[in-house]
Amino acid sequence: MPFVQQRYGKANVRVLRLHRQGDYHEVREVRVKVTLDGEFTRAYTQADNAPVVTTDSMKNLVQVLALEHLARANEPFSLAIAQCFLDRYAHVAKALVEIDETSWSRMQVDGQPHDHSFVKAEGGTPFAAVTVTRSSQDIVAGIRDFQIMKTTQSGFVGYVRDEYTTLPETTDRILATRLQAAWRFKSAQPTDYAAVTKAIRAALLQVFATTYSDSVQDSVYRMGEAALVAAPDIAEITLSMPNIHYLPISLSHFGLETQDQLFLPTDEPNGHIEATMRRG
């Protein structure tokens, strides 16, 4: 049978880097996945392991590189890992590195940030994914599972109505979602990845919180547009906003009026709205 393609690598390589400055500590924790492509066919078709870089070696290299590079942003750490495999192994044609970060915020004690105590940060999971070949590199970063909600200033009217339509129109509803945002950088790397992320998050939340939403689609487009304006270093952004529905709970059978105060959270089934906006 023809051998079409292959990929292999090491997933779920977890590492935390602790940086000490006296009693003041900083932490960075990530989960790394490395995938390699190249001249590995004979390992599959001829039982010849000579070209195989063991996945255990991949794990070890990630840990070695973490010592020097993990203090930096996820994007340059990803690039350092990918480039290392290309530099060390001539038969590797492409390296894909994906990083998910577990974010930690400094604990507040007596109203002051503590030097070496942390709580797991809210606000989604930052990630980076880079693909590096002998002649190109592609850098994508973003955030997953970023739960946001507004309790008013959202509506949905004017949609297709036919014999299967049961959804009532509304001009005032709860809008909640588990946002995923992924942005692709231009070919030139920015000087400060963290500043780009901060600008994009601020732009997304500004539009979401302060403007009326005629639909999730309406919000997605305007949020993406604002992110492109706020971050000149990115070429495009993809936003995914699945609904988390909050359905009114009726207590009328108990003789009680809820007056829009009680809602049932549910995310199954859910609408799934996704769009990509690209710089013109």
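Read on for an overview of the structure. In this text the structure is predicted, and so the values were computed from the model without any measurement.

**Focus: the overall build of the protein chain**
Then comes step 1: Summing up its helical and strand segments, the protein chain has five helices and 12 strands in all.
Then comes step 2: For the C-alpha atoms alone, the extent of the protein chain along its principal axes is close to 75 × 60 × 45 Å.
Then comes step 3: Put simply, the protein chain has 280 residues, and 38% of those count as buried.
Then comes step 4: Looking at the protein chain alone, contacts between residues at least 24 apart form 64% of all its contacts between residues at least 6 apart.
Then comes step 5: Carbon and sulfur atoms form 50% of the exposed surface of the protein chain, whose accessible area is close to 16,300 Å².
Then comes step 6: If the 28 positive side-chain charges of the protein chain are averaged to one point and the 33 negative ones to another, these points end up 7 Å apart.

**Some thoughts on helix H5 (residues 216–230)**
Then comes step 1: Between its first and last C-alpha, H5 extends 21 Å over 15 residues, near the 21 Å set by a 1.5 Å rise per residue.
Then comes step 2: Buried residues of H5: Val 216, Ser 219, Val 220, Met 223, Gly 224, Ala 227 and Leu 228, and no others. An end-on view of H5 places all buried positions within 160° of arc, on one side of the element.

**With respect to the nonpolar core**
Then comes step 1: With 58 residues, the main nonpolar core has Val 32 and Phe 77 as its most contacted residues.
Then comes step 2: No other element matches the seven residues that helix H3 (residues 74–88) contributes to this core.
Then comes step 3: Setting aside chain neighbours within four positions, we find Phe 77 in contact with Val 30, Val 32, Val 62, Leu 65, Ala 66, His 69, Leu 70 and Ile 99.

**Description of the sheet that holds strand S8 (residues 175–185)**
Then comes step 1: Read from one edge to the other, the open sheet built from eight strands follows the order S1-S2-S3-S6-S7-S8-S9-S12, with strand pairing classed as antiparallel. The sheet is open, and its two borders are formed by strand S1 (8–21) and strand S12 (272–278), each paired with just one other strand. In this sheet, neighbouring strand axes are inclined to one another by 15° on average, regardless of whether the strands run parallel or antiparallel.
Then comes step 2: Taken together, the nine bridges between strand S7 (residues 137–150) and S8 define a ladder with antiparallel strand orientation. The residue bridging Lys 150 from the neighbouring strand is Leu 175, located in S8.
Then comes step 3: Contacts from helix H2 (residues 55–69) reach S1 and strand S2 (24–38) within the one sheet, and its direction differs from that of S1 by about 25°.
Then comes step 4: Sheet strands in contact with helix H4 (residues 193–210) are S7, S8 and strand S9 (234–242), and its direction is about 35° off that of S7.

**Points about the pattern of salt bridges**
Then comes step 1: One pass over the structure, following the stated rule, counts 10 salt bridges.
Then comes step 2: A salt bridge links Arg 14 to Glu 29, with the shortest nitrogen-to-oxygen separation between them at 2.9 Å. Note that Arg 14 is positioned in strand S1 and Glu 29 in strand S2, a separation of 15 residues in sequence.
Then comes step 3: Of the residues examined, Glu 29 reaches a relative accessible area of 11% and is grouped as buried.

**Some words on the packing of aromatic side chains**
Then comes step 1: On inspection of all chains with the given rule, the structure shows five aromatic pairs.
Then comes step 2: Over the aromatic face of Phe 127 sits the side chain of Arg 144, whose NZ or CZ is 3.9 Å from the ring centroid.

**Details of H4**
Then comes step 1: For H4, built from 18 residues, the straight-helix expectation of 26 Å at 1.5 Å per residue is met to within 8% by its first-to-last C-alpha distance of 26 Å.
Then comes step 2: Listing the buried residues of H4 in full gives Tyr 193, Val 196, Ile 200, Ala 203, Leu 204, Val 207 and Phe 208. Buried positions in H4, seen along its axis, are confined to an arc of 125° and lie on one side of it. Residues Ala 194, Lys 198, Gln 206, Ala 209 and Thr 210 are exposed on H4 and point more than 90 degrees away from its buried face.
Then comes step 3: Of the surrounding secondary structure, the elements contacted by the buried residues of H4 are H3, S7, S8, H5 and S9.

**Observations regarding unusual backbone geometry**
Then comes step 1: Omega for the peptide link from Glu 268 to Pro 269 comes to -10°, which places this bond in the cis form.
Then comes step 2: Within the secondary structure layout, Pro 269 lies in the loop between strand S11 (263–266) and S12.

**Here we look at the environment of Ala 231**
Then comes step 1: Summarising the element assignment, Ala 231 is placed in the loop between H5 and S9.
Then comes step 2: Residue class for Ala 231 comes out buried when judged on its relative accessible area of 3%.
Then comes step 3: C-alpha separation for the pair Ala 231 and Ala 11, spaced 220 residues apart in sequence, amounts to 31 Å.
Then comes step 4: Among residues more than four places away in sequence, those in contact with Ala 231 are Val 196, Ile 200 and Arg 279.

**Considerations on the packing of H4 against H5**
Then comes step 1: In the contact formed by H4 and H5, the axes pass within 8 Å of each other and the chain directions differ by 145°. Handedness of the crossing formed by H4 with H5: right-handed. Within the contact between the two elements, H4 uses Ala 199, Ile 200, Ala 203, Leu 204, Val 207 and Phe 208 and H5 uses Arg 222, Met 223, Gly 224, Ala 226, Ala 227 and Ala 230.
Then comes step 2: Of the residues belonging to the contact of H4 with H5, the class tally is 10 nonpolar, one polar and one charged.

Cut-offs applied
- Residues numbered from 1 in each chain as written.
- Predicted model: local features only at pLDDT ≥ 70, side-chain atom pairs only at ≥ 80, totals over all residues.
- Heavy atoms only, no water.
- Helix = DSSP H or I, 4+ residues; strand = E, 2+ residues; numbered from the N terminus.
- Buried < 20%, exposed > 50% of the residue type's maximum accessible area, 1.4 Å probe, protein only.
- Contact = heavy atoms within 4.5 Å.
- Areas by Shrake-Rupley, 256 points an atom, 1.4 Å probe, with all protein chains shown as cover.
- Lys, Arg positive; Asp, Glu negative; His and termini not counted.
- Charge placed at Lys NZ, Arg CZ, Asp CG, Glu CD.
- Expected span 1.5 Å × (residues − 1).
- Arc of directions from axis to C-beta.
- Core = buried A, V, L, I, M, F, W, Y, C linked by side-chain atoms within 4.5 Å.
- Pairing = 2+ DSSP bridges.
- Axes fitted to C-alpha atoms, helices over the stretch in contact; angles between N-to-C directions.
- Salt bridge = Lys/Arg side-chain N within 4 Å of Asp/Glu carboxyl O.
- Phe/Tyr/Trp six-rings, centres within 6.5 Å; stacked < 30°, edge-to-face > 60°.
- Lys NZ or Arg CZ within 6 Å of the ring centre and 35° of its normal.
- Left-handed = near helix turned anticlockwise from the far one by under 90°.
- Nonpolar A, V, L, I, M, F, W, Y, C, P; charged D, E, K, R; others polar.

Note that every value here comes from positions in space, so none of it alone points to a role or purpose.
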